[in-house]
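If you want the building blocks of each chain, they are given just below.
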Amino acid sequence: MEFKPKLIEKYSKLIDFNEYKKYAEKFVRKSFRVNTLKAKINEVKNRLFDFNLSQVLWCNEGFYINSDKRDIGNTEEHSLGEIFIQTSVSMLPPQLLELKKSDIVLDVSASPGGKTTHCAQLMKNKGLIIANDLTQDRIRPLTINLQRCSVLNTIVTKMDGRNLTGIYNKILLDAPCSGSGMIRGPTALSIRTLKEWNPIAIERYARLQKQLILHAYSLLKEKGTLIYSTCSLEPEENEEVINHLLEKTDAKLEKIDLLKSKTPYLRIWPQDYDTEGFFIAKIKKI
């Protein structure tokens with residue numbers, strides 16, 4: 001795996017690059033979430049015993065696969081929608097929304113539906129979720145996964161997130177990003193991400209993210225919660241986007257009480273918990 005000199009220089013100022021590189025070059029542990037709308041956690045665990053499961057620290061329904069047997073996507077449990085295969089860090093945002101059955105939720109960039117289906121199960125299929133995405137190619141897997149997981153409280157919309165309307169008390173903005181946190185092991189995705197990594201593209205994403213977060217915040221009800229997340233490790237797409245929102249609005253950044261730390265936002269590097277890289281912030285409208 002070839003890391004560009006500018007990436008090495010940038011990341012070396014943020015963390016121990018050699019430690020980061022060691023994990024970036026390793027395949028990430030495969031993980032899944034039990035869909036409690038269709039199955040009980042212990043029953044699924046017992047049926048998938050051969051996969052040598054271990055608990056995801058921050059998600060009761062989440063499990064890592066620790067065996068050489070990794071074809072979890074071929075199981076009956078997956079086909080029936082009893083489990084959803086997703087990275088462990090992507091299980092964080094729905095939980096930080098502190099969802100209730102009465103909530104009206106907007107998922108701005110919802111495809112392929114991991115976080116949407118997670119929200120639905122936390123809401124026990126009550127309330128309302130608007131699951132939006134930009135193109136038909138992204139809407140297709142979203143709708144398939146919603147149906148597979150027996151989600152009943154969700155309406156799918158197709159439009160630019162900057163044009164959405166309505167008032168919501170919970171909003172999830174898992175923003176389009178450079179995906180630099182997804183560099184784990186010599187996969188086709190990792191190699192392409194490394195090859196395409198460049199400061200110009202990152203700035204372009206950051207401009208879009210700032211527009212999206214400002215608009216999403218304008219749709220938030222008073223005392224509502226907005227979760228902003230990316231699978232990027234770039235400060236321009238994360239801290240700088242949050243700071244832009246704080247400067248332009250009356251938004252309040254809430255501390256995240258998770259993983260034995262109370263921080264104004266959570267930045268996870270691959271070497272921290274042997275996961276993909278991730279960023280998440282919790283915002284309140286006062």
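Our subject in this report is the structure included herewith. Owing to the predicted nature of the structure, the values given are computational and were not obtained by experimental measurement.

Calculation notes
Residues numbered from 1 in each chain as written. Predicted model: local features only at pLDDT ≥ 70, side-chain atom pairs only at ≥ 80, totals over all residues. Heavy atoms only, no water. Helix = DSSP H or I, 4+ residues; strand = E, 2+ residues; numbered from the N terminus. Rg over C-alpha atoms; globule rule 2.2 N^0.38 Å. Buried < 20%, exposed > 50% of the residue type's maximum accessible area, 1.4 Å probe, protein only. Contact = heavy atoms within 4.5 Å. Pairing = 2+ DSSP bridges. Axes fitted to C-alpha atoms, helices over the stretch in contact; angles between N-to-C directions. Salt bridge = Lys/Arg side-chain N within 4 Å of Asp/Glu carboxyl O. Core = buried A, V, L, I, M, F, W, Y, C linked by side-chain atoms within 4.5 Å. Lys, Arg positive; Asp, Glu negative; His and termini not counted. Polar contact = N/O pair within 3.5 Å; in protein donor to acceptor, adjacent residues only side chain to side chain. Arc of directions from axis to C-beta.

On to the overall build of the protein chain, then. For the protein chain, the helix and strand inventory stands at 11 helices and 14 strands. Compactness check: the protein chain gives a C-alpha radius of gyration of 18 Å against a globular reference of 19 Å for 286 residues, within 12% of the reference. Seen along its three principal axes, the alpha-carbon backbone of the protein chain occupies a region of about 45 × 45 × 40 Å. Within the span of the protein chain, comprising 286 residues, buried residues form 53% of the whole. In the protein chain, once contacts between residues fewer than 6 apart in sequence are set aside, the share between residues at least 24 apart is 75%.

Turning next to the sheet that holds strand β3 (residues 59-65). Here 4 strands make up an open sheet; going across it, the order is β2-β3-β1-β4 and the pairing antiparallel. Edge strands, defined here as strands with exactly one partner in the open sheet, are β2 (53-56) and β4 (83-85). When the angles between neighbouring strand axes are averaged without regard to direction, this sheet yields 35°. Most of the contacts of helix α6 (residues 114-122) go to strand β1 (residues 31-34), to which it runs at about 30°, and overall it touches β1, β3 and β4.

Considering all chains together, one arrives at 17 salt bridges under this definition. The shortest N-O distance in the salt bridge between R47 and E77 comes to 3.0 Å. Taken together, the residues span a long stretch of sequence, with R47 in helix α3 (residues 41-47) and E77 in helix α4 (residues 76-79) at a distance of 30 residues. On the basis of relative accessibility, which here comes to 7%, the residue E77 falls in the buried class. Since its relative accessible area comes to 42%, R47 is described here as partly exposed.

The complete set of buried residues in helix α10 (residues 239-248) reads E239, V241, I242, H244 and L245. In this fold, the buried residues of α10 make contact with α9 (199-218), β9 (220-230), β10 (252-254), β13 (265-268) and β14 (278-284).

Looking at soluble globular proteins, one finds that nonpolar side chains tend to be buried together. Judged by nonpolar contacts, the single largest core of 32 residues is most densely connected at W58, L92, L258, L266, I268 and I280. Those elements that provide at least two residues to this core are β3, α5 (92-96), α6, β6 (128-133), α7 (136-148), β11 (256-258), β13 and β14. Looking at this core element by element, the count peaks at 3 residues for α7. Filtering out sequence-adjacent residues up to four positions away, W58 remains in contact with Y64, S88, V89, L92, Q95, L258, L259, Y273 and T275. Judged by nonpolar contacts, the second largest core, of 23 residues, contains L173, A175, F279 and I283.

This next bit is on the side chain of E61. Here E61 lies in strand β3. Among buried charged residues, E61 stands out as having no salt bridge; its nearest opposite-charge side chain is R33, 6.3 Å away. Apart from the residues lying within four places of it in its own chain, the contact partners of E61 are F32, R33, V34, T36, I41, Q55, Q95, H118, Q121 and L122.

Before going further, it helps to spend a moment on the side chain of K284. Take K284: it is sitting in strand β14. E254 provides the closest opposite charge to the buried, unpaired K284, separated from it by 5.0 Å. In terms of polar contacts, K284 uses its side chain to reach the side chain of T225, at 2.9 Å. Excluding residues within four positions of it along the chain, K284 makes contact with Y217, K223, G224, T225, A251, K252 and E254.

In an α-helix, one full turn covers 3.6 residues, which means residues spaced three or four apart are oriented alike. Taken residue by residue, helix α8 (residues 188-196) has S190, T193 and L194 as its buried positions. In an axial view of α8, the angular spread of the buried residues amounts to 100°, which keeps them on one side of the axis. The exposed set on the far side of α8, more than 90 degrees from its buried face, consists of A188, K195 and E196.

Neither face of β1 is exposed, since S31 and R33 on one face and F32 and V34 on the opposite face are all buried. Two strands pair when backbone bridges link them, and β1 and β3 are joined in this way by 3 bridges, in the antiparallel orientation. Counterpart to S31 in the pairing with β3 is Y64. Pairing of β1 with β4 involves 3 bridges; the strand directions are antiparallel.

That's the geometry; what it means functionally is another story.
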